[in-house]
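Chain by chain, the residues run as shown.
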Amino acid sequence: MTDEILVYASILGGDLANLSSEIKRVEEAGADAIHLDVMDGHFVPNLTFGPPVIKALSKYTSLPMHAHLMVTNPWDYIKTLAQIGIQEVTFHIETTPHPIRLLREIRETGLRGGIAISPATPENSIVYLENEIDILLVMSVEPGFAGQSFIENTYEKLKRIKEIVKNWKKRPLIMVDGGVSDRNAKKLVELGVRGLVCASYLFKAKNMKEAVDKLKNI
Ligand code: DX5
Ligand code: ZN
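This one's a predicted model, so the numbers in the text were calculated from it and none came from an experiment.

The rules behind these values
- Residues numbered from 1 in each chain as written.
- Chains lettered and ligands numbered in written order.
- Predicted model: local features only at pLDDT ≥ 70, side-chain atom pairs only at ≥ 80, totals over all residues.
- Heavy atoms only, no water.
- Helix = DSSP H or I, 4+ residues; strand = E, 2+ residues; numbered from the N terminus.
- Rg over C-alpha atoms; globule rule 2.2 N^0.38 Å.
- Buried < 20%, exposed > 50% of the residue type's maximum accessible area, 1.4 Å probe, protein only.
- Contact = heavy atoms within 4.5 Å.
- Near = heavy atom within 4 Å.
- Polar contact = N/O pair within 3.5 Å; in protein donor to acceptor, adjacent residues only side chain to side chain.
- Areas by Shrake-Rupley, 256 points an atom, 1.4 Å probe, with all protein chains shown as cover.
- Nonpolar A, V, L, I, M, F, W, Y, C, P; charged D, E, K, R; others polar.
- Pairing = 2+ DSSP bridges.
- Axes fitted to C-alpha atoms, helices over the stretch in contact; angles between N-to-C directions.
- Donors = N, O, S within 2.8 Å, 3.2 Å for Na, K, Ca; no water.
- Tetrahedral: all angles 85-135°; square planar, octahedral: opposite > 155°, others 65-115°.
- Right-handed = clockwise from strand over helix to strand, strands pointing away.
- Core = buried A, V, L, I, M, F, W, Y, C linked by side-chain atoms within 4.5 Å.

Asker: Outline the overall build of the chain, supporting the account with residue identities and numerical values.
Answerer: What the chain contains, in helices and strands, is eight helices and eight strands. Taking 17 Å as the expected radius of gyration for a compact globule of 218 residues, we find that the chain reaches 16 Å, a close match to that expectation. Judged by the C-alpha coordinates and their principal axes, the chain covers about 40 × 35 × 30 Å. When the 218 residues of the chain are sorted by exposure, 54% land in the buried category. Long-range pairs, those at least 24 residues apart, make up 65% of the contacts in the chain between residues at least 6 apart in sequence.

This is the structure in structure tokens:
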């Protein structure tokens, strides 16, 4: 596992009428990857964009793209996502009783795959996923909207996750998503997090490049 801190810019926090220029802005600011929040209006009470928009956006960046699926039926999306130039997919473990089957399906397409866990989902759900996940996306807000405040007991959850994965041969990239900023990033990194997903912190910053640098050098 890399020790570098990776900043994932969630474009949900940007100007949704100008996503292609927002992606360029994020790239110029030095973010490491683009985080794309796919919502279906069913698993979460909000609706964003899906594969056609992601495919169109992929032409505007050379940064890796991560699709965070907040959808009731992630199975329907994998084949299409694998064909449109993204690199990573996470789905919510709450959506399927067969996560290992879906993870294998994702990774067989060549994508890096992982699960997302909502704030009230116990971390125990990852105990049997050694060798099955490249990424663990820990939600620190209820999924569905940018701009919510960070749920403090995420720290406790991360401590337990650290214990679970410490003896795994290949550790997953642990990401935190929701209310992440320069105010909590240091504590998150100390708990083993290497992927910081941010919307509001980056898009509300006066200077996005400085905001990215701050996180990368926390
Ligand atoms: C929430 C999304 C997040 C969101 C983060 O459901 O998964 O990626 O855009 O937004 P901030 O950083 O504003 O909490
Ligand atoms: Zn997200």
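Asker: So what's going on with the site of ligand 1? Residues and values would help.
Answerer: Around ligand 1, a shell composed of 19 residues is seen, among which Gly144, Gly147, Asp177, Gly179 and Ser200 lie nearest. Within the contact set of ligand 1, an oxygen atom lies 3.3 Å away from a side-chain nitrogen or oxygen of histidine 35. Within the side chain of aspartate 37, a nitrogen or oxygen atom sits 2.9 Å from an oxygen atom of ligand 1. For ligand 1, the protein covers 99% of the area, taking 380 Å² as the surface of the free molecule. Residue assignment for the shell around ligand 1 shows that the elements contributing at least two residues are strand S2 (33–39) and strand S3 (65–70). The biggest single contributor to the shell around ligand 1 is S2, with three residues. Looking at the shell around ligand 1 residue by residue, the class counts come to nine nonpolar, eight polar and two charged.

Asker: Let's hear about the sheet that holds strand S6 (residues 135–139): which residues, and what values?
Answerer: Spatially, the eight strands close up into a barrel ordered S1-S2-S3-S4-S5-S6-S7-S8, and their pairing is parallel. On average, adjacent strands in this sheet sit at an angle of 25° to one another, irrespective of strand direction. With three bridges joining them, strand S7 (residues 173–177) and strand S8 (residues 195–198) adopt parallel strand pairing. Along S8, the bridge assignment pairs methionine 175 with glycine 195. Along the sheet, helix H5 (residues 154–165) contacts strand S5 (112–117), S6 and S7; its crossing angle with S6, the most-contacted strand, is approximately 160°. Against the sheet, helix H8 (residues 208–216) touches strand S1 (6–10) and S8, its axis set at about 140° to S1.

Asker: How would you summarise the coordination of the zinc ion (ligand 2) if you had to cite specific residues and measurements?
Answerer: Binding of the zinc ion (ligand 2) to the protein goes through His35 (NE2), Asp37 (OD), His68 (ND1) and Asp177 (OD), at separations of 2.0 to 2.3 Å. Taken together, the six donor atoms coordinating the zinc ion (ligand 2) span angles of 73 to 174° at the metal, a pattern that classifies the geometry as octahedral.

Asker: Which residues make up the pairing of strand S4 (residues 88–92), and what values go with them?
Answerer: For S4, a buried count of five out of five residues is recorded, marking the element as mostly surrounded by other parts of the structure. Of the two faces of S4, the one carrying Glu88, Thr90 and His92 and the one carrying Val89 and Phe91 are both buried. In this fold, the crossover linking S3 to S4 by way of helix H3 (residues 78–83) has right-handed handedness. Across five bridges, the pairing between S4 and S5 is parallel. Each residue of the ladder has a partner; that of phenylalanine 91, found in S5, is isoleucine 115.

Asker: Residues and numbers for the nonpolar core, please.
Answerer: Among the nonpolar cores identified, the biggest contains 62 residues, and Ile11, Leu69, Leu81, Ile86, Ile115, Leu188 and Leu202 are the most heavily contacted of them. Excluding anything up to four places from it in sequence, leucine 81 contacts Pro51, Ile54, Ala67, Leu69, Ile86, Val89 and Leu111. Listed in part, the 11 residues of the second largest apolar core include Ala116, Ile135, Val141 and Met175.

Asker: Report on the side chain of histidine 35, specifying residues and quantitative values.
Answerer: Positionally, histidine 35 belongs in strand S2. Overall, histidine 35 belongs to the buried group, its relative accessible area being 0%. At a separation of 2.9 Å, a polar atom in the side chain of histidine 35 contacts the side chain of aspartate 37. Apart from residues no more than four positions distant in its own chain, histidine 35 is found in contact with Tyr8, Ala9, Ser10, Ile11, His66, His68, Leu137, Asp177 and Val197.

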